[in-house]
There are 2 protein chains.
Amino acid sequence: MNLLAVGTLAFDSVTTPFGERRDVLGGSASFLSTAASYFCPVRMVGVIGEDFPREHLEFFRDRRIDTSGVLAIPGKTFRWRGRYDENLNVAHTLETQLNVLAEFEPKLPEVFRDSRFVVLGNIDPALQIKVLDQIRKPRLVACDTMNYWIEAPQYRTKLGEALARVDVLCINDGEARLLSGEYNLVKAAQMIRRMGPKSLVVKRGEHGALLFTEQGVFAAPAFPLEVVRDPTGAGDSFAGGMMGYLAKKDALDAASLRQAVVMGSVLASFAVEDFSLDRLRTLTRDEIGLRFAQYKTLTHFEAEGVSLWA
Amino acid sequence: MNLLAVGTLAFDSVTTPFGERRDVLGGSASFLSTAASYFCPVRMVGVIGEDFPREHLEFFRDRRIDTSGVLAIPGKTFRWRGRYDENLNVAHTLETQLNVLAEFEPKLPEVFRDSRFVVLGNIDPALQIKVLDQIRKPRLVACDTMNYWIEAPQYRTKLGEALARVDVLCINDGEARLLSGEYNLVKAAQMIRRMGPKSLVVKRGEHGALLFTEQGVFAAPAFPLEVVRDPTGAGDSFAGGMMGYLAKKDALDAASLRQAVVMGSVLASFAVEDFSLDRLRTLTRDEIGLRFAQYKTLTHFEAEGVSLWA
């Protein structure tokens, strides 16, 4: 199976305690697609301006990413500038230039419309709906969103409509609390799952991720890393790895979903090791397989046949 | 095996978003001993004033806790008053009355001096050393500490001496960062383990715990709870459950240590469900066993024989 990935393509300017980069490749569609491309062919949907270099598109194409859904229009590409302090869990946005993103009207190439696995990056929920309207028969739709769309009344209705059509919502803990109005994450998850998504993934940065489904809760810790240079794109790498894995397996069952959450954590753990998509440029399947196995070691304890009181 | 538990006995006054309690039973020795008492006989060491009610001592004795190491001296019992907001991970201390704790000179009953498993609650490191000096041949010593002893130069030397004699240091993430001077927890753990403790447990409240040993890292998520009324004593319940389990098994091996960390998490997850030690008053072994099994479900995913790319 292939995966349809929708989101932004961006130039990021990032400062962290470990360095600084100007106008490097970023955006949710970039991270989603690149992370997923280890597992399956990816169809990318987004918008770029005239300043987007050909080499970035070639990087995607070299990775089995079909960029025919990436619209090039007059103007400048979306730009984000941000800063992280020691607590890499919190991004401080310094500047956002929407540029061509303000005029983004997703129009899927005809061949993309039969996609079964879909991941919608954090964009205007009205655009997320426009994408879903063009897909004939989606099998599994994952979606990200953010505070901005949750808080503003003019977007909230559209967000509700989008959520009703989403299978897996993939947001961070702050967003889950904001969306539900409930601080306790277990209760928040119950409320959000009543809004539409059968499954909710709560991303908690260095504290890992929680998966809430009708079968219960699955907790995946973040992989403890000695080197974290830039957390930008971690959430999208997570969603891309998760959905790429499910698309490749063509599976929706509970056991596969747990593995997919671990795979998302694995891809995110690599993405943060360097700036921009740089770590993903050199990452190999062998490295992914090794860290997946290390994840098992990280969380394993013996429970079967253990006599607690004898 | 029995467990020697050293720490404070206190009257706590606590306000959380879920209620308020005045002068209820608290203190590290209380939580450590009660949590451990599910697993093994406990020897309690601490100090109380004349105002400490007989019923609390009887509660301990009913639970196989030997209180002959609890010194009653003239004056008032240690008191702590604190508040938690919605983010239950952060305690705001409003008042501390040391009272008799200021004159605490731990003197172990002769029969306690052969203890092999020892857990030292967060008290002046000089007192922790005095306890260790009285134990003939400890096999496994676990220890807690806090910012206060780490930051003050007059205590730091003693803390260093204590750490050199500790096997398992059990502190929270902020304390680990402060003690090592390093924000990254993987690097912080390496530095702290060079100070003496072969094993380091980093407690992260609702984000679970990390165990660092020479064999690697083990990550135990916190059990996702719908009801958390009062986090006071969570860390001590964790350490008590962990050390009680190891004392009962009389084991130090890596697999047992991982199970013990899970057991610590289980006891902490119960302790926070109600104020003071109230949840532990009614908690049964069956409930503990059930939640231990649920922990396995919480973190389990299939990794063996999984073909990631086929």
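Residues numbered from 1 in each chain as written. Chains lettered and ligands numbered in written order. Predicted model: local features only at pLDDT ≥ 70, side-chain atom pairs only at ≥ 80, totals over all residues.

1. Points about the overall build of chain A
Thought 1: The helix and strand inventory of chain A stands at 11 helices and 13 strands.
Thought 2: Relative to the globule expectation of 19 Å for 310 residues, the C-alpha radius of gyration of chain A, 19 Å, shows essentially globular dimensions.
Thought 3: Projecting the C-alpha coordinates of chain A onto the three principal axes gives extents of approximately 75 × 40 × 35 Å.
Thought 4: Sorting the 310 residues of chain A into buried and exposed places 53% on the buried side.
Thought 5: Sequence-distant contacts in chain A: of pairs separated by 6 or more residues, those separated by 24 or more amount to 67%. (Helix = DSSP H or I, 4+ residues; strand = E, 2+ residues; numbered from the N terminus. Rg over C-alpha atoms; globule rule 2.2 N^0.38 Å. Buried ≥ 20, exposed ≤ 12 C-beta atoms within 10 Å, placed from the backbone. Contact = placed C-beta atoms within 7 Å.)

2. Comments concerning the sheet that holds strand E13 (residues 216-220) of chain A
Remark on secondary structure: sheet strands pair via backbone hydrogen bonds, oriented parallel or antiparallel.
All names here are of chain A.
Thought 1: Spatial strand order, E5-E4-E1-E8-E9-E10-E11-E12-E13: nine strands in an open sheet with mixed pairing. The outermost strands of the open sheet, each flanked by one partner alone, are strand E5 (65-72) and E13. Between one strand axis and the next, the sheet turns through 15° on average, direction left out of account.
Thought 2: When strand E4 (residues 42-48) meets E5, the two strands line up parallel, connected through six bridges. Residue pairing in the sheet places Val42 in a bridge with Ile65 of E5.
Thought 3: Lying over the sheet, helix H6 (residues 173-180) contacts strand E10 (168-172) and strand E11 (199-203), oriented at roughly 110° with respect to E10. (Pairing = 2+ DSSP bridges. Axes fitted to C-alpha atoms, helices over the stretch in contact; angles between N-to-C directions.)

3. Structural notes on the relation of the copies chain B and chain A
Applying a rotation about an axis and a shift along it to one chain copy brings it onto the other copy.
Thought 1: Between chain B and chain A, which share one sequence, the superposing operator has a rotation angle of 180° and an axial displacement of 0.0 Å; the RMSD is 0.0 Å. In symmetry terms, the pair is related by a two-fold rotation axis. Considering only C-alpha atoms, the residue of chain B closest to the rotation axis is His207 of chain B, which sits at 2.9 Å.
Thought 2: With an isologous cut-off of 70% or more, the 100% of interface residues of chain B that recur at the interface of chain A puts this contact in the isologous class. (Least-squares fit on C-alpha atoms with pLDDT ≥ 70 in both.)

4. Remarks on the interface of chain B and chain A
Thought 1: Contact residues are listed per partner, giving 36 residues for chain B and 36 residues for chain A.
Thought 2: Ranked by the residues each element gives to the side of chain B that touches chain A, the list is headed by helix H11 (residues 285-299) of chain B, at eight residues.
Thought 3: For the side of chain B that touches chain A, the class distribution of residues is 20 nonpolar, eight polar and eight charged. (Nonpolar A, V, L, I, M, F, W, Y, C, P; charged D, E, K, R; others polar.)

5. Examining the pairing of strand E6 (residues 78-84) of chain B
Residues and elements named next belong to chain B.
Thought 1: Pairing between strand E2 (residues 10-16) and E6: six bridges, direction parallel. Bridge pairing in E6 links Ala10 to Phe78.
Thought 2: Pairing analysis gives six bridges linking E6 to strand E7 (residues 91-97), with the strands arranged antiparallel. Within E7, the position partnered with Arg79 by the bridge is Gln97.
Thought 3: Following E6, the chain reverses through six residues before pairing antiparallel with E7.

6. Some remarks on the packing of helix H6 (residues 173-180) of chain B against helix H7 (residues 185-193) of chain B
Residues and elements named next belong to chain B.
Thought 1: The geometry of H6 relative to H7 is characterised by a closest axis approach of 9 Å and an angle of 60° between their N-to-C directions. Our classification of the angle between H6 and H7 gives oblique. Considering only the axes of H6 and H7, their crossing is left-handed. For the pair H6 and H7, the contacting residues are Asp173, Ala176, Arg177, Leu179 and Ser180 in the first and Leu185, Ala188, Met191 and Ile192 in the second.
Thought 2: Among the residues forming the contact of H6 with H7, the class breakdown is six nonpolar, one polar and two charged. (Parallel < 35°, antiparallel > 145°, perpendicular 65-115°, else oblique. Left-handed = near helix turned anticlockwise from the far one by under 90°.)

7. What about the packing of helix H3 (residues 125-133) of chain A against helix H5 (residues 153-163) of chain A?
Residues and elements named next belong to chain A.
Thought 1: Two elements in contact, H3 and H5, have axes whose closest approach is 8 Å; the angle formed by their N-to-C orientations is 30°. Looking at the two axes, H3 sits roughly parallel to H5. When the axes of H3 and H5 are compared, the crossing they make is left-handed. Mapping the contact onto sequence places Pro125, Ala126, Gln128 and Ile129 in H3 and Tyr155, Lys158, Leu159, Glu161 and Ala162 in H5.

8. Description of the sheet that holds strand E7 (residues 91-97) of chain A
Residue and element names in this part refer to chain A.
Thought 1: Taken in spatial order, the four strands of this open sheet run E3-E2-E6-E7, and their pairing is mixed. Edge positions in the open sheet fall to strand E3 (19-26) and E7, since each of these has one partner strand only. For this sheet, the mean inter-axis angle between neighbouring strands, taken without regard to orientation, is 15°.
Thought 2: Direction of pairing for strand E2 (residues 10-16) relative to E3: antiparallel, over a ladder of six bridges. In the strand pairing of E3, Ala10 is matched with Gly26.

9. Looking at the confidence of the model for chain A
Reading fine detail from the predicted coordinates is not recommended where pLDDT is low.
Thought 1: On average, residues of chain A carry a pLDDT of 96, and 100% of them reach 70 or more.
Thought 2: Reported confidence for the predicted complex is 0.94 by ipTM and 0.96 by pTM. (pLDDT = per-residue confidence, 0-100.)

10. A short note on the nonpolar core
Thought 1: With 198 residues, the main nonpolar core has Ala5 of chain A together with Ala5 of chain B as its most contacted residues.
Thought 2: Those residues in contact with Ala5 of chain B that lie beyond four places of it in its chain are Ala29, Leu32, Ser33, Ala36, Val42, Arg43, Met44, Val45, Val119 and Gly240 of chain B. (Core = buried A, V, L, I, M, F, W, Y, C linked by C-beta atoms within 7 Å.)

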